Amino acid sequence: MSKRILSCMQPTNRLQLGNYLGALRNWVNLQDEAATECLYGVVDLHAITVPHDAQALRNATRETAAAYIAAGVDPKRSYIFAQSAVPAHSQLSWLFMTQTPMGWLNRMTQFKEKAGKNKEKASLGLYGYPVLMAADILVYKATHVPVGDDQKQHLELARDIAQSFNQKYCDGEEFFPLPDPVITGEATRVMSLRDGTQKMSKSAESDMTRINLTDDADVIANKFKKAKTDALPIPANDAEGAGRAEAMNLIGIYAALNDQSKEQVMNQFGGQQFSALKTALSNLAVAKLGPITARMNDLMSDPTEIDKILAAGAEKANALASPTLDDVMTRMGFWLR
């Protein structure tokens, strides 16, 4: 196997259009690459760095796995598993924490963003979760990781930790490969329907800011109808779209869903009123997301089937992760039975 890909999502709130266009759709395509092994985790351990409800976490883990499958991730070709079902993630994370300088973690900008003014009340897990993320990647010796702009810094940390371990305990040999980011072409960056300068998020307070993968046709149509725009006609080119974040966001979403360039969409709709684009966008989104929503509903109606898929994925993931952990512990001087 020349390429091993690891990518994950947290089971916090429902997955939305940005998760599909920015990640899930690419995950499905990666399965078709020759000599490529794909592991797709539901990182429930990361979800508890902030207050959570136990039953809601269990349900969200199943729903996230259901979204993977409904979007086209094939459990027979890829690993689908819950992070907590593979103990080596947590164990390797602790070993890495003892080797990771505080200075490296102090540079992580996401902790500052998520903790905000409540830094003193934030959990140690929120501060140290980039190390757990490094363990997620390195426990499988993943060679490639699809990452967005907000995760590039964490992948760099994983590379630093891998390189440090290789030097300290492996005489410089590449025990851990240095994982590379996966480049899947032009990134699809989906922004909020109410503020084109903010990324569409499944954790945003208002549900009107996003298209959830569980939304039905009427909800999708209503959200696009009420999406923020401006008083000008739809831009016909980049120059007319300059400084019009909401307009360009809707154009970008249509382009991504319809496998077109933004230029093609502007050629088609430029000069018209936004009602025309919003109607077309609603119809397109329903056509593309409707089958995914229906499949998710079917899967969630029988949680035992999802549990079987997660259990089978965890068994395969453990078979990969456990030998790596044992080798790490041996190299660090621990006695193993």
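Since this is a predicted model, take the numbers as computed values, not measurements.

### Observations concerning the overall build of the chain
Point 1. When helices and strands are tallied, the chain shows 13 helices and five strands.
Point 2. Taken over C-alpha atoms, the radius of gyration comes to 21 Å for the chain, in line with the 20 Å a tight globule of 337 residues would show.
Point 3. Along the first, second and third principal axes, the C-alpha atoms of the chain reach 70 × 45 × 45 Å.
Point 4. The buried share of the chain, reckoned over its 337 residues, is 47%.

### Side note on the environment of Gly271
Point 1. Looking at where Gly271 falls in the secondary structure, it is placed in the loop between α11 (262-269) and α12 (274-300).
Point 2. Considered as a pair, Gly271 and Gln163 are 108 residues apart in the sequence and their alpha carbons are 54 Å apart.

### Overview of the pairing of strand β2 (residues 36-42)
Point 1. With respect to burial, β2 is a largely interior element, seven of its seven residues being buried.
Point 2. Because side chains alternate across β2, one face comprises the buried residues Thr36, Cys38, Tyr40 and Val42, and the other comprises Glu37, Leu39 and Gly41, equally buried.
Point 3. Of the strand pairs in this sheet, strand β1 (residues 3-9) and β2 are connected by seven bridges, and their pairing is parallel. Each bridged residue has a counterpart across the sheet, and for Lys3 the counterpart in β2 is Thr36.
Point 4. The β-α-β motif built from β1, the intervening helix α1 (residues 17-30) and the parallel element β2 has right-handed crossover chirality.
Point 5. Handedness of the β-α-β unit built from β2, helix α2 (residues 54-71) and strand β3 (residues 78-82) comes out right-handed.

### Topic: helix α7 (residues 152-169)
Point 1. Between its first and last C-alpha atoms α7 spans 26 Å; for 18 residues at 1.5 Å apiece the expected length is 26 Å, and the two agree.
Point 2. Within α7, burial applies to His154, Leu155, Leu157, Ala158, Ile161, Ala162, Ser164, Phe165 and Asn166.
Point 3. Just beyond α7, the residue with positive phi is Asp171, at close to 55°.

The rules we used
Residues numbered from 1 in each chain as written. Predicted model: local features only at pLDDT ≥ 70, side-chain atom pairs only at ≥ 80, totals over all residues. Heavy atoms only, no water. Helix = DSSP H or I, 4+ residues; strand = E, 2+ residues; numbered from the N terminus. Rg over C-alpha atoms; globule rule 2.2 N^0.38 Å. Buried < 20%, exposed > 50% of the residue type's maximum accessible area, 1.4 Å probe, protein only. Pairing = 2+ DSSP bridges. Right-handed = clockwise from strand over helix to strand, strands pointing away. Expected span 1.5 Å × (residues − 1).

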